[in-house]
Amino acid sequence: MPTFAERMGLRASRTLVQSESLDDETRTALWNVLVILQEVFEEQLRGYHDSGPTHDELLTSMWVNHFKRPRDEQPRRAATWTLVKKEILEGEWFDALDVLERASKVLAQADKERGEDSSGAFTNALNDRFEKYLVGFRFIGNEITPVDSTAEAESVDAALTDTVSIAGARHSLERAVELLADRQSPDYANSVKESISAVEAITKKITGEGTLGAGLKKLQSAGLDIHPALKEGWLKIYGWTSDEDGVRHGAIDAASVDQTMAKYMLVSCSAFVSYLIDEGRKSGLI
């Protein structure tokens, strides 16, 4: 939401998405989320809760895995946090994002062991900052992914939740996210392949057919009524990925499938997966 000064035209509003940089204002906002995390840890320690291991695990992971320092030389908590702060405020933009992602994954592992959801609150707070400061990334699960719309990220997250009991679809979506989110060597063509494979897994669950094309054609006879235009559209998308020049056959050069296309396919396939699951459950097919 624009500030008073921006609404009055006294200060230029932010218009450019930050995709290969982070300005000082954004870095400070991201660091402040980590400050809140520190305060939570300290409050838990004062209350004699079992937060010490999680706090130490987080800082040790930063020290050993991010900063690549000898474990036996790790300083006290405050000194490690000072290094983390310097990385967020002054380091390369991608290193700052790496720190945030690492923190999220350590918290997620602790959540799994304790049955909590501190990582969810952490990533939600960071996604709020990403949205406010037009950062071209969002957390999807615990991966920072080049998706610059919160609605898009929520669509993928919803599909991941919807497919918890459908292992093939869930695995394909997770792989699509990982391949798209890899900031060192993204594989956009295979991300597209995994996205469409998630849809294929759902149609197989509903119809028993092994391919998306056959599954889409059999949805209505299986008891799921889908609009003909929607079915035809997905048949054409499947045809694009599956013909002799399609990504599923590895014939398309990786350079011809860019981040924009991979992102579009991930979001579109995620939305369609959730739609098919919802309709399948209504019809008693899932």
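Residues numbered from 1 in each chain as written. Predicted model: local features only at pLDDT ≥ 70, side-chain atom pairs only at ≥ 80, totals over all residues. Heavy atoms only, no water.

(A) Local environment of the overall build of the protein. Within the protein, the secondary structure is distributed over 12 helices and two strands. The linear arrangement of helices and strands in the protein, starting from the amino end, is α-α-α-α-α-α-β-β-α-α-α-α-α-α. Looking at the protein as a whole, 43% of its 286 residues are labelled buried. Sequence-distant contacts in the protein: of pairs separated by 6 or more residues, those separated by 24 or more amount to 56%. (Helix = DSSP H or I, 4+ residues; strand = E, 2+ residues; numbered from the N terminus. Buried < 20%, exposed > 50% of the residue type's maximum accessible area, 1.4 Å probe, protein only. Contact = heavy atoms within 4.5 Å.)

(B) Main features of helix H8 (residues 167–181). Between the first and last C-alpha of H8 there are 21 Å, a value that for 15 residues agrees with the 21 Å anticipated at 1.5 Å per step. All buried positions along H8 are accounted for by Ala169, Ser172, Leu173, Ala176, Val177, Leu179, Leu180 and Ala181. (Expected span 1.5 Å × (residues − 1).)

(C) Fine view of the packing of helix H4 (residues 77–90) against helix H5 (residues 93–114). Look at H4 against H5: their axes get within 7 Å of each other, and the N-to-C directions meet at 135 degrees. Here H4 is positioned oblique relative to H5, judged by the angle of their axes. You can see that H4 and H5 cross each other, and the crossing is left-handed. Taken together, the residues of H5 that come into contact with H4 (itself represented by Val84, Glu87 and Ile88) are Asp95, Ala96, Val99 and Leu100. Taken together, the residues of the contact of H4 with H5 break down into five nonpolar, no polar and two charged. (Axes fitted to C-alpha atoms, helices over the stretch in contact; angles between N-to-C directions. Parallel < 35°, antiparallel > 145°, perpendicular 65-115°, else oblique. Left-handed = near helix turned anticlockwise from the far one by under 90°. Nonpolar A, V, L, I, M, F, W, Y, C, P; charged D, E, K, R; others polar.)

(D) Structural detail: the pattern of salt bridges. All chains considered together, the criterion is met by 12 salt bridges. Taking the shortest distance from any N to any O, the salt bridge between Lys86 and Glu90 comes out at 2.9 Å. One end of the pair is Lys86 and the other is Glu90, both in helix H4 and four residues apart, which spans about a single turn. Arg170 is the salt-bridge partner of Glu174, the closest N and O atoms lying 2.9 Å from each other. Of this pair, Glu174 and Arg170 both sit in helix H8, separated by four residues, roughly a single helical turn. Exposure remark for Glu174: the relative accessible area of 31% places this residue in the partly exposed category. (Salt bridge = Lys/Arg side-chain N within 4 Å of Asp/Glu carboxyl O.)

(E) Fine view of helix H12 (residues 259–282). End to end, H12 covers 35 Å across 24 residues, agreeing with the expected 34 Å (1.5 Å per residue, within 8%). In the stretch just after H12, Gly284 is the one whose phi turns positive, near 75 degrees.

(F) Representation of the packing of H8 against H12. Axis separation between H8 and H12 bottoms out at 11 Å; the angle between their running directions is 160 degrees. When the interaxial angle is binned, H8 and H12 end up roughly antiparallel. Judged by the sense of rotation from one axis to the other, the crossing of H8 with H12 is left-handed. The residues of H12 that touch H8, namely those facing Leu173, Ala176, Val177 and Leu180, are Gln259, Ala262, Lys263, Leu266 and Ser270. For the contact of H8 with H12, the residue count by class is six nonpolar, two polar and one charged.

(G) Summary view of the side chain of Ser104. Along the polypeptide, Ser104 turns up in helix H5. Its relative accessible area of 0% is what places Ser104 among the buried residues. When neighbours within four sequence positions are excluded, Ser104 is seen to be in contact with Ser119, Phe122, Thr123, Phe139 and Asn142.

(H) Inspection of the environment of Arg183 at higher detail. Position of Arg183 among the secondary structure elements: in the loop between H8 and helix H9 (188–207). When its relative accessible area of 27% is taken as the criterion, Arg183 is described as partly exposed. Measuring from C-alpha to C-alpha, the distance between Arg183 and Pro146 comes to 9.0 Å, with 37 residues separating the pair along the chain. Not counting residues up to four positions away in its chain, the partners in contact with Arg183 are Phe94, Leu97, Asp98, Glu101 and Ile144.

(I) The arrangement of the packing of aromatic side chains in detail. Counted by the stated rule, this structure contains six aromatic pairs. Taken together, a centroid distance of 6.2 Å and an interplanar angle of 10 degrees make the contact between Phe130 and Phe139 stacked. You can call Phe139 buried: its relative accessible area is 1%. (Phe/Tyr/Trp six-rings, centres within 6.5 Å; stacked < 30°, edge-to-face > 60°.)

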